[in-house]
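Chain by chain, the residues:
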Amino acid sequence: MKKIIVIGAGPGGLAASLLLQARGFDVTLIEKDEHVGGRSKRVSLGEFHFDLGPTFLMYIDVLKQVFERSGYDLEKEINLIKLDPLYKLIFKDHTLELSADLKKNIAMYESMKPGLGQAYQSWLNDQTYKMTKIKSILEKPFPNVFHLFRPDVLKAAPVSHPFKSVYSLLKTYDRDDHFIHSLSFQAKYLGMASYQAPSIFTILPYLEHVTGLYHVEGGLNQINEVMAKLFKEKGGNLLTNTQVTKVLVEKHRVQCVELENGEKILSDVVVMNADFAYAMTQLFNQKDLRKYKKEKTEKKKYSISTWMMYLGINRKLDLPHHEIIFSDDYNQYLKDLMNGKLTKDLSIYVHNPSVIDETLAPQGKSSIYILLPVPNLKHGYDWDEESPNLKEFVYNRIKEKHGFDIKSMIEVEKIYTPSDWMKNEHVYQGAVFNLSHGLDQMLFLRPHNQFEDVKGIYLVGGGTHPGSGLPTIYQSALIADDLISKLT
Ligand SMILES: Cc1cc2nc3c(=O)[nH]c(=O)nc-3n(C[C@H](O)[C@H](O)[C@H](O)COP(=O)(O)OP(=O)(O)OC[C@H]3O[C@@H](n4cnc5c(N)ncnc54)[C@H](O)[C@@H]3O)c2cc1C
């Protein structure tokens, strides 16, 4: 039986381990942390529980496929809760609530401005068509430039408007700012601004509206916990608290991985789930790399980071499950953020899963997660210095919009900064959404699932094709599984 080592038990590594185990490979999954999940693990402060990172779960078809191919039924293993409403968006002068009921959305947009409901409907129709054309591009590996001439790619080209951004495409439906922002803020899931993100990513709000947004009882982290449990139950070897320090290569082919204690584990197939740029700069001898040597990797473009607050609150709060408080001048804020500037007028994402999930906080209390998109570590901010100001900003902003003083309700709190992402989760420059997703770093220009520099290495996770975000990360595991299965 062929032996496979998977480095990292994040969503990508766990999905790949389950899939490869189901094919009969002897899989050893190595995780440096005590717990699985990586950027998606659980954070607990006493009896208050939080997701460290992802809270929006969409397009569950891909996750279903991972479970199905591995011999499990997703819905039997995980308690998925479909959200309606989807989220509340609070702008300076207007508040919108988006629903899983498309008719409600049409009526809501129409009430904002005559004709806007029709603009939304046209946008939905176009996205439905676009999705049928681009699906296969996301599902297949993209190993070289010639794949641009595949029939499926050629068919997708006219509908994917490769030279338009999310923002400029939406403007063709209606120029209303709230309409555009409500269907483009999702570019931030990729760590980008809507005016930079290629227009193909208008499928993100489409997927939320049409295929739904989900919560998992206990938090999205439970997907990782369940995957790890299933992997171990079937005899999988999960080594936690075990850090890989080197991947050793001979004649361009992987030989073994070396652990912190000096032990070497031989394997001719290694699946890399650790952050791509961290792995290139830390885990390889530079002589073994060609395209992704340290100095080249450092020159790539990276996403923004996030500054986080996890708050145990001493009461139930009248806040929706997902809420975004947009900065007053959102266009300027996006420009500043993308230029690496920490402005005074930030957008805030507030997550209140306790409104539908009793398991996350003691009775009558709430677990609140707050996320501020901020510049990554390349821009030189001292996060110990910035954190007290950011905390005050959050308290004031919530008071201004909701009229209550959240600071006085805090029982426990944890702050997580871009430096923590790098130090604890090995995220290069704290750029939590990986290499950014411009056309110059996508498809065959993104690190390939079958790694170009070293034979026997396969990449999964947000740093490879198709990109960052849970559905695409699970898709990368499906692609790696397909590629590795051909080795037998
Ligand atoms: C704040 C935040 C919010 C997000 N929100 C969403 C969202 O709502 N929806 C969505 O779809 N996506 C979201 N994402 C993006 C993405 O889904 C997550 O970041 C996801 O966890 C990335 O998964 P991954 O498998 O690529 O890597 P990771 O989760 O980083 O997993 C990599 C694993 O490798 C391990 N590792 C690293 N180095 C070593 C080593 N040397 N030896 C052994 N193990 C090692 C790490 O400990 C980790 O467990 C969010 C991300 C963040 C940070």
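In this text, all values refer to a predicted model and were calculated from it rather than measured experimentally.

Caption draft 1: Summary view of the site of the ligand. Glu31, Arg39, Ser40, Asn273 and Leu470 are the nearest of the 38 residues found near the ligand. Between Phe56 and the ligand, the recorded distance is 2.9 Å, taken from a backbone N or O atom to an oxygen atom. Backbone polar atom of Leu470 to an oxygen atom of the ligand: 2.6 Å apart, as the coordinates give it. Compared with its free state, where it exposes 990 Å², the ligand has 98% of that area covered by protein. Every element with two or more residues in the shell around the ligand is listed here: α1 (11-22), β15 (305-313), β18 (366-374) and α16 (470-485). Of all the elements, α16 adds the most residues to the shell around the ligand, at three residues. For the shell around the ligand, the class distribution of residues is 18 nonpolar, 17 polar and three charged.

Caption draft 2: Quick look at helix α5 (residues 116-139). Helix length check: α5, at 24 residues, gives a terminal C-alpha distance of 33 Å against a target of 34 Å (1.5 Å per residue), a fit within 8%. Those residues of α5 not exposed but buried are Leu116, Gly117, Ala119, Tyr120, Trp123, Leu124, Gln127, Lys130, Met131, Ile134, Ser136 and Ile137.

Caption draft 3: Molecular detail of the environment of Val394. When you line up the elements, Val394 lands in helix α14 (residues 383-402). C-alpha of Val394 to C-alpha of Lys407: the two residues are 13 residues apart in sequence and 9.2 Å apart in space. Setting aside residues no more than four positions away along its own chain, Val394 makes contact with Trp307, Met309, Ile348, Ile370 and Leu372.

Caption draft 4: Spatial organisation of the packing of aromatic side chains. Going through the model one piece at a time under the given rule, you end up with 23 aromatic pairs. Arranged with centres 5.3 Å apart and planes meeting at 50 degrees, the rings of Phe56 and Tyr349 form a pair that is tilted. Here the residue Phe56 occupies a position in the loop between β4 (48-51) and β5 (57-58), and Tyr349 occupies one in strand β17 (residues 348-351), the gap between them amounting to 293 residues. Classification of Phe56 as buried rests on a relative accessible area of 14%.

Caption draft 5: Quick peek at the sheet that holds β15. The strand order across the open sheet formed by seven strands is β8-β7-β16-β17-β18-β15-β19, and the pairing between neighbours is mixed. Two strands close off the open sheet at either side, each with one partner strand: β8 (95-98) and β19 (410-416). Between one strand and the next, the sheet's axes are offset by a mean angle of 15 degrees, whatever the strand orientation. Across three bridges, β17 lies against β18 in antiparallel orientation. The residue bridging His351 from the neighbouring strand is Tyr369, located in β18.

Caption draft 6: Representation of the pattern of salt bridges within the structure. In this structure the tally under the stated criterion is 22 salt bridges. Taking the shortest distance from any N to any O, the salt bridge between Asp481 and Arg69 comes out at 2.7 Å. Here the residue Asp481 occupies a position in helix α16, and Arg69 occupies one in helix α2 (residues 61-69), the gap between them amounting to 412 residues. For Asp481, a relative accessible area of 2% gives the class buried. Put simply, Glu258 and Lys264 hold a salt bridge, and the shortest N to O gap is 3.5 Å.

Caption draft 7: Looking closely at a positive patch on the surface. A cluster of like positive charges, contributed by Arg253, Arg290, Lys296, Lys299 and Lys455, occupies part of the molecular surface. Turning to its location among the elements, Lys299 is positioned in the loop between α12 (294-298) and β15.

Caption draft 8: Summary view of the domain arrangement of the chain. In terms of domain boundaries, the chain breaks down into domain 1 (3-78 + 218-299 + 434-485) and domain 2 (101-211). Computed from C-alpha coordinates alone, the two centres of domain 1 and domain 2 are separated by 28 Å. A combined buried area of about 1800 Å² lies between domain 1 and domain 2, and 74% of that area is made up of carbon and sulfur atoms. When the area that domain 1 buries against domain 2 is broken down by residue, the three leading residues are Met58, Tyr59 and Phe444, summing to 34%.

Caption draft 9: Main features of helix α13 (residues 330-338). What α13 keeps buried is the set Tyr330, Tyr333, Leu334, Asp336, Leu337 and Met338. Each element contacted by the buried residues of α13 is listed here: α8 (177-182) and β18. Of the residues flanking the end of α13, it is Gly340, one or two places downstream, whose phi is positive at about 80 degrees.

Procedures and definitions
- Residues numbered from 1 in each chain as written.
- Predicted model: local features only at pLDDT ≥ 70, side-chain atom pairs only at ≥ 80, totals over all residues.
- Heavy atoms only, no water.
- Near = heavy atom within 4 Å.
- Polar contact = N/O pair within 3.5 Å; in protein donor to acceptor, adjacent residues only side chain to side chain.
- Areas by Shrake-Rupley, 256 points an atom, 1.4 Å probe, with all protein chains shown as cover.
- Helix = DSSP H or I, 4+ residues; strand = E, 2+ residues; numbered from the N terminus.
- Nonpolar A, V, L, I, M, F, W, Y, C, P; charged D, E, K, R; others polar.
- Expected span 1.5 Å × (residues − 1).
- Buried < 20%, exposed > 50% of the residue type's maximum accessible area, 1.4 Å probe, protein only.
- Contact = heavy atoms within 4.5 Å.
- Phe/Tyr/Trp six-rings, centres within 6.5 Å; stacked < 30°, edge-to-face > 60°.
- Pairing = 2+ DSSP bridges.
- Axes fitted to C-alpha atoms, helices over the stretch in contact; angles between N-to-C directions.
- Salt bridge = Lys/Arg side-chain N within 4 Å of Asp/Glu carboxyl O.
- Patch = residues over 30% accessible without salt bridge, like charges linked within 9 Å, V, L, I, M, F, W, Y side chains within 5 Å.
- Lys, Arg positive; Asp, Glu negative; His and termini not counted.
- Charge placed at Lys NZ, Arg CZ, Asp CG, Glu CD.
- Domains from an automatic or database assignment.
- Buried area = accessible area lost by both parts, 1.4 Å probe.

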